[in-house]
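# Chains, contacts and geometry: an overview
Listed below, chain by chain, are the residues.
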Protein chains: 2
Amino acid sequence: MAHQNLTPELLEQLNAAVPGRVYTGEDLNPDYARDEAPTYGQHMPDAAVECLTTEEVAAVCKLCYDSDVPIVPRGTGTGLCGGCVPTHGGVVIDTQKMNKILSWDLDNFAVRVQAGVLLNDLANACQEKGVFYPPDPGEKFATIGGNVAVNAGGMRAVKYGATRDYVRAMTVVLPCGEIIRLGGEVTKTSSGYNLLQLMVGSEGTLGIITEVSLRVLPQPGETFSLLALFSSLDEAISCVPRIKMSGLDPQALEFLGRDMVVSIERFLEKTVFPGTSEGQEVGAYLLTTFECARGESVADRMEWAAEVCLENGAMDIIVYDTPEALRNAWAVRGATLEAILTDFKLNDECDVVVPIPRIPEFVNYVFSLEEQVGLAVRASGHAGDGNVHVNVCANDMDQAEFLTRAEKFMTLAYARWCRQ
Amino acid sequence: MAHQNLTPELLEQLNAAVPGRVYTGEDLNPDYARDEAPTYGQHMPDAAVECLTTEEVAAVCKLCYDSDVPIVPRGTGTGLCGGCVPTHGGVVIDTQKMNKILSWDLDNFAVRVQAGVLLNDLANACQEKGVFYPPDPGEKFATIGGNVAVNAGGMRAVKYGATRDYVRAMTVVLPCGEIIRLGGEVTKTSSGYNLLQLMVGSEGTLGIITEVSLRVLPQPGETFSLLALFSSLDEAISCVPRIKMSGLDPQALEFLGRDMVVSIERFLEKTVFPGTSEGQEVGAYLLTTFECARGESVADRMEWAAEVCLENGAMDIIVYDTPEALRNAWAVRGATLEAILTDFKLNDECDVVVPIPRIPEFVNYVFSLEEQVGLAVRASGHAGDGNVHVNVCANDMDQAEFLTRAEKFMTLAYARWCRQ
C-alpha cells in the first residue's frame with residue numbers, strides 16, 4: 001500500500017490526542033529533516049509530535065496506521081544511518097521529552113527509564129546512586145531508546161559488552177498502536193521466545209521503544225590508562241589477544257595508526273603521543289584503560305600491564321594516571337571524527353567488526369582501495385573486540401561524485417570480507 | 001494438518017539418507033521415550049536417526065516435513081520439561097554423535113563445536129587450552145545444543161551470565177530442511193534482526209541447532225568459597241545485594257534453607273554445615289565462590305568477603321580453600337535434587353527467577369502452600385540472580401493425584417507472582 005499524506009482530519013485527531021505538542025509548517029524544527037550524516041539528505045516531515053508518555057506514542061501510531069501515514073521515531077537525531085530521516089514525509093514522533101528516570105531498584109541492580117533519557121544523564125545519575133551503566137558509545141547525547149534500537153557498543157564493550165547486554169525489559173509501541181511489554185524485571189528469563197533481544201538492534205523497524213529497564217553494576221575500582229607504542233599495526237594487533245589472555249581484562253583497548261594520530265594532533269594543535277621511540281618511527285598505538293581490583297595497588301596493575309605489552313612487541317609504554325593526563329590522552333581518541341571533518345569536506349563511514357587477529361588485514365585492504373576509488377581512507381577503532389571504524393573522505397569533489405565513489409568503496413570493502 | 005505416521009517409503013528414504021543409523025522397533029533405545037522428569041510420561045518414537053552432520057539432519061528434516069511426520073531433536077535427554085519426549089511419535093533426531101569440537105580460534109576467543117558435544121567435555125577441553133567457558137548449569141552431561149536451546153543458566157550466571165551470553169553464531173536446520181547460519185565469528189554484530197538470540201532458548205521449536213560458535217574467556221584467578229550463616233532466609237537474602245554492591249563480584253552466590261541442608265546431610269550421611277552458631281540456630285546459608293585478581297592474595301579477598309558478610313547480618317562465616325573442603329561444601333549444594341529424590345518418590349519442580357530482594361517473599365509463599373495443596377515443598381537456588389528452584393514432593397500418593405496437586409501448586413505459585 002502506498003503511503004498517504006497527512007490530511008487535515010488526521011492533523012485534528014493528532015491534536016486531540018496530544019494537545020499542544022503537534023507541530024507543522026514553520027513550527028517544525030528544521031533538524032527533523034536530518035540526522036548527523038549528510039548521506040541521507042534532508043527530508044522534512046509533514047508534522048511532528050512531541051510525546052510525553054507511552055500512551056501518547058500509541059495514540060499517534062494508531063491514528064497514522066489507520067490512515068496509512070508513515071511514522072518516524074526520533075530521539076536526539078545523533079544517528080549516522082538515516083534512521084530518523086523522514087524520507088517519505090509523514091509524522092515524526094519525537095521522544096526527547098520522554099526524559100524521566102522512572103525508578104531505581106538498587107537491590108535488584110535495575111533502573112527503569114523513559115526512552116528519551118540521554119545516555120549522559122543516565123551515566124551521571126548512576127554515578128550519583130553509586131552504580132555504573134557500562135555501555136559507552138562515543139555519542140553521549142544520544143537517547144537510551146536510540147542506544148537500544150541500534151544496540152550501541154563503544155569503548156567499554158571489550159570488557160562489558162554492548163547495550164544489548166544491559167536491557168532487561170522494555171515497553172514497545174507496535175506500528176498499529178498496540179502496547180507490549182517484553183522481558184522482565186529480573187536477571188534471567190527463559191519464558192517464551194526472546195522478543196526482547198529481537199527488538200534490540202531492530203532500529204525502529206518493529207516498533208517504538210518507549211520505556212527500558214536496564215541492568216546496572218557496582219562501580220568499578222580505580223582506573224588508569226596506558227599507551228603502548230608499536231612499529232606497525234600488525235605488531236599492535238598481535239599484542240591484543242595477549243593482553244586479553246593475560247587476565248588484565250581491559251576496560252578499553254583502542255588502536256590508532258600513526259597517520260591518524262598526526263591528523264588528530266594537527267586538529268588539536270598539540271603533540272600528545274610520541275612519534276618515535278629511541279629513534280625508531282612509531283607505526284601504531286594501543287590506548288588502553290585498566291581497572292584495579294579493590295585492595296590492589298594501581299602501581300601493581302600498571303607494572304603488570306606494562307610488562308604484558310613490552311613482552312609482546314611494544315616499543316615503549318606511557319602511563320596516564322592523573323585526571324589531566326587521562327583527559328589529554330583520550331582527547332586524541334575522542335577527536336578522531338572531528339579531525340577527519342576538519343581535514344575533509346566530504347565524509348562517509350562504515351562501522352564493521354572483524355575477528356581480532358584480522359584487523360590489520362582488513363585495515364590494509366581498505367587503505368589499498370584509496371587509489372582505486374580516489375578517496376582518502378582513515379581507520380581506527382576498538383582493537384579489543386575487532387570493531388573498526390573506517391572513514392572515506394574527500395575535498396574538491398561534488399557530493400554526487402563523492403557518494404558514488406563512497407558506495408564503490410563500501411561495496412568493495414564489504415564484498416572482500418563477505419567472500420571469505 | 002494432522003501428523004502422519006511413519007510409512008515404509010519414508011523409512012526407506014531415511015535409510016538412504018543416513019545409511020546404517022536409522023533405528024526402529026526393538027533396535028530403538030528405550031531412553032528415547034522420556035527425559036529426566038517423570039511428568040511427561042513415556043512415548044516411544046516410530047524411528048530414531050543418529051546423525052553425524054548438519055547435512056544429515058537437514059535431509060531427515062526435509063523427508064519428514066514432506067511427509068508430515070513429526071520430528072523430535074534429542075541430545076542426551078537430560079531435560080526436565082519433556083522437550084525431547086516424542087509425545088506424537090514420529091522420528092527422533094539424535095545428535096549425541098555430533099560430538100566434535102570443530103575448531104579453536106584462541107586469538108579471537110572462540111570455539112566452534114557440533115551440537116552434541118557435552119558441556120563437561122567442552123569445559124575440560126577449554127581448560128586444556130588455557131581458556132574458560134563460564135556457563136555451569138547443574139547437569140554437566142547435557143549437550144551444548146541442549147544448553148543453547150534452553151539458554152541454560154547455573155551457578156556462575158550471577159557473574160558471567162547464561163549460555164545466551166556466549167553464543168556468537170550457530171548453524172540451524174529449519175523444519176523444512178533448510179540450513180541457515182545465524183550470527184558471526186566476531187564479538188559484535190548489528191546486521192539485520194537478531195535471529196541468533198531468538199533461536200537461543202527456543203527449545204527446538206524453531207529449528208534444530210547443529211553447530212555453535214561460542215565465546216570463551218581467559219581463565220579466572222584463584223578461587224575460594226565461603227559459607228555465611230544467617231538466622232533466617234530474610235537475613236541471608238538481605239545480605240546478597242550488599243555482597244554484590246561491595247565489588248567482590250562473586251562467581252557463585254547460592255542460598256540454602258536449614259531444612260534443606262538437614263535433608264541433604266541425611267542423604268550424604270555426614271554433617272558438613274554447622275546447624276548452630278554460638279548456641280543460636282542457623283536458619284539459612286549463603287554459599288559463595290569468589291575469584292581473586294592476579295597478584296591479589298587469597299587471604300586479602302577472604303578477609304574482605306568475610307567482613308562484608310559479617311557487617312551485613314551473618315552470624316558467622318566458614319572459609320573453604322582446600323580442594324577437599326571445597327568439594328565437601330559444594331557437594332551439599334550439588335546433592336539437593338538427589339536428596340529430594342531419596343526422601344520422596346514423587347517430585348516435580350519449577351525454576352523461576354524473581355527480583356533478588358523478593359526471594360524470601362516468594363519462598364515463604366511457596367512454603368505456605370504446603371498445607372493447602374498437601375505436598376511437601378523444598379526450595380534452594382541462585383541467590384545472586386534471584387533464581388529459585390522449588391520442588392514439590394510426596395510419598396504415599398498415586399501419580400495422577402500427585403500431578404493434579406503439583407499442577408495446582410504451580411498455578412498458585414505462578415499466579416501469585418504474575419498478578420503483581
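Source: prediction; values computed, not measured.

The next subject is the overall build of chain A. Along the backbone of chain A there are 13 helices and 20 strands. In summary, chain A has a C-alpha radius of gyration of 23 Å against a globular reference of 22 Å for 420 residues, a match within 12%. The C-alpha extent of chain A, read off along each of the three principal axes, is 75 × 55 × 40 Å. When burial is assessed residue by residue, chain A has 53% of its 420 residues classed as buried.

Another point: the relation of the copies chain B and chain A. Between chain B and chain A, the superposition needs a rotation of 180 degrees and an axial shift of 0.0 Å, giving an RMSD of 0.0 Å. These values place the two chain copies in the arrangement generated by a two-fold rotation axis. Interface overlap between copies: 100% of the residues of chain B at the interface are likewise at the interface in chain A, consistent with a symmetric, same-surface contact.

This next bit is on the environment of V158(A). On the secondary structure map, V158(A) appears in helix 5 (residues 157–160). The spatial distance from the C-alpha of V158(A) to the C-alpha of N5(A) is 45 Å, given a sequence separation of 153 residues.

Residues and elements named next belong to chain B. Pairing is antiparallel in the open sheet, where seven strands are placed in the order 17-12-16-13-19-20-18. Looking at which strands have only one partner, the edges of the open sheet turn out to be strand 17 (316–320) and strand 18 (346–353). Strand-to-strand twist in this sheet, taken as the mean axis angle between neighbours without regard to direction, amounts to 20 degrees. Both strand 13 (residues 252–257) and strand 19 (residues 376–382) contribute to a ladder of three bridges, which runs antiparallel. Bridging across to strand 19, F255 finds its partner in G381. Each of strand 12 (223–230), strand 13 and strand 16 (284–291) is contacted by helix 7 (residues 233–245), which is oriented at about 20 degrees to strand 16, the strand it contacts most. Running over the sheet, helix 12 (residues 359–373) touches strand 13, strand 18, strand 19 and strand 20 (387–394) and is turned about 165 degrees from strand 19.

The next thing to look at is the sheet that holds strand 12 (residues 223–230) of chain A. Residue and element names in this part refer to chain A. If you trace the seven strands from one edge of the open sheet to the other, you get 17-12-16-13-19-20-18, paired in antiparallel fashion. The open sheet terminates on both sides in strands that have one partner only, identified here as strand 17 (316–320) and strand 18 (346–353). Sheet twist, expressed as the mean angle between neighbouring strand axes with direction ignored, is 20 degrees. In the packing of helix 11 (residues 336–343) onto the sheet, the strands contacted are strand 13 (252–257), strand 18, strand 19 (376–382) and strand 20 (387–394), and the crossing angle to strand 18 comes to about 150 degrees.

Turning our attention to the pairing of strand 18 of chain B. Residues and elements named next belong to chain B. Where burial is concerned, most of strand 18 is hidden: six out of the eight residues are buried. Sheet topology note: the strand 18/strand 20 ladder contains eight bridges and is antiparallel. Each residue of the ladder has a partner; that of E349, found in strand 20, is N391.

Attention now moves to the interface of chain B and chain A. Taken together, the 47 residues of chain B in the interface contact 47 residues of chain A. With both chains or domains summed, chain B and chain A bury close to 3,800 Å², and 58% of this area falls on carbon and sulfur atoms. Taken together, the connections running from chain B to chain A amount to two salt bridges. Summed over the shared surface of chain B and chain A, the result is six residue pairs in polar contact (both at pLDDT 80 or more). For the side of chain B that touches chain A, the secondary structure elements donating two or more residues are helix 6 (195–199), helix 7 and helix 9 (298–311) of chain B. In terms of residue count, the dominant contributor to the side of chain B that touches chain A is helix 7 of chain B (four residues).

Counted under the stated rule, the structure contains eight aromatic pairs over all chains. Ring geometry for F224(A) against F290(A): centres 5.7 Å apart, planes inclined by 35 degrees, an arrangement best described as tilted. With F224(A) in strand 12 and F290(A) in strand 16 (residues 284–291), the pair connects residues that are 66 residues apart, well separated along the chain. Assessed through its relative accessible area of 0%, F224(A) is described here as buried. Residue classification places F290(A) among the buried residues on the basis of a relative accessible area of 0%. Centroid distance Y133(B) to Y166(B): 6.1 Å. Interplanar angle 75 degrees. Geometry classified as edge-to-face. Here Y133(B) is found in the loop between strand 7 (131–132) and helix 4 (144–150), whereas its partner Y166(B) is found in the loop between helix 5 (157–160) and strand 8 (167–173), with 33 residues between them in sequence. For the pair Y133(B) and Y166(B), a shared accessibility class is recorded, and that class is buried.

Looking now at unusual backbone geometry. One non-glycine residue with positive phi stands out, namely E269(A), at about 60 degrees. Within the secondary structure, E269(A) is located in the loop between helix 8 (258–268) and strand 14 (276–277). Its identity as a non-glycine residue notwithstanding, D249(B) has a phi of 50 degrees, on the positive side. Residue placement: D249(B) occurs in the loop between helix 7 and strand 13. A relative accessible area of 38% means that D249(B) is categorised as partly exposed.

Going through the model one piece at a time under the given rule, you end up with 28 salt bridges over all chains. Measuring nitrogen to oxygen at the nearest pair gives 2.7 Å for the salt bridge that ties R333(A) to E254(A). With R333(A) in helix 10 (residues 323–334) and E254(A) in strand 13, the pair connects residues that are 79 residues apart, well separated along the chain. Neither R333(A) nor E254(A) differs from the other in exposure class; each is buried. Where K62(B) meets D66(B), a salt bridge forms, and the shortest distance between an N and an O atom there is 2.7 Å.

Turning our eyes to something else, we now look at the side chain of E254(A). For E254(A), a relative accessible area of 0% gives the class buried. Within polar-contact distance, the side chain of E254(A) engages the side chain of R333(A) at 2.7 Å.

Residues and elements named next belong to chain B. It is the contact of helix 8 (residues 258–268) with helix 11 (residues 336–343), at a shortest axis distance of 9 Å, that shows an interaxial angle of 80 degrees. The angle between the axes of helix 8 and helix 11 places the two elements in the roughly perpendicular class. Along its contact with helix 8, which presents M260, S263, I264, R266 and F267, the element helix 11 presents T336, E338, A339, I340, T342 and D343. Of the residues assigned to the contact of helix 8 with helix 11, the class counts are five nonpolar, three polar and three charged.

Thresholds applied
Numbering of residues starts from 1 in each chain and follows the order in which that chain's sequence is written. Chains carry letters from A onward and ligands carry numbers from 1 onward, assigned in written order. Reporting in this predicted model follows two pLDDT cut-offs: at least 70 for local features of residues, and 80 or more for side-chain atom pairs to be given and counted; totals over whole chains, interfaces and linings ignore these cut-offs and use all residues. The basis for every side-chain value is the complete set of heavy atoms in the structure, and neither hydrogens nor water enter the calculation. Helix and strand assignments follow DSSP, with helices taken as H or I runs no shorter than four residues and strands as E runs no shorter than two, numbered in order from the N terminus. Only C-alpha atoms enter the radius of gyration, while the globule expectation follows 2.2 Å times N to the 0.38, with N the number of residues. To sort residues, take the accessible area from a 1.4 Å probe on protein chains only and compare it with the maximum for the residue type: under 20% means buried, over 50% means exposed, and anything in between is partly exposed. Here the copies are matched by least squares. The fit uses the C-alpha atoms of residues with pLDDT of at least 70 in both. We call two residues in contact when some of their heavy atoms are within 4.5 Å. Paired strands are those between which DSSP finds at least two bridges. To get an axis, fit a line to the C-alpha atoms, keeping to the stretch in contact for a helix; angles then go from 0 to 180 degrees between the N-to-C directions. Once two parts are joined, some of their accessible surface, as seen by a 1.4 Å probe, is lost; buried area is that loss totalled over both. Only one rule defines a salt bridge in this text: a Lys or Arg side-chain nitrogen within 4 Å of an Asp or Glu carboxyl oxygen. Pairs of N or O atoms are called polar contacts if they sit within 3.5 Å, as long as, within protein, a hydrogen donor faces a hydrogen acceptor (for residues adjacent in sequence, only side-chain-to-side-chain pairs). Only Phe, Tyr and Trp rings take part, Trp by its six-membered ring, and two of them pair if their centres are within 6.5 Å. Stacked means planes under 30 degrees apart, edge-to-face means over 60, and tilted covers everything else. Here the angle decides the label: under 35 degrees means roughly parallel, over 145 means roughly antiparallel, 65 to 115 means roughly perpendicular, and every other value means oblique. Only Asp, Glu, Lys and Arg are considered charged in this grouping, and only Ala, Val, Leu, Ile, Met, Phe, Trp, Tyr, Cys and Pro are considered nonpolar; every other residue, Gly among them, is considered polar.

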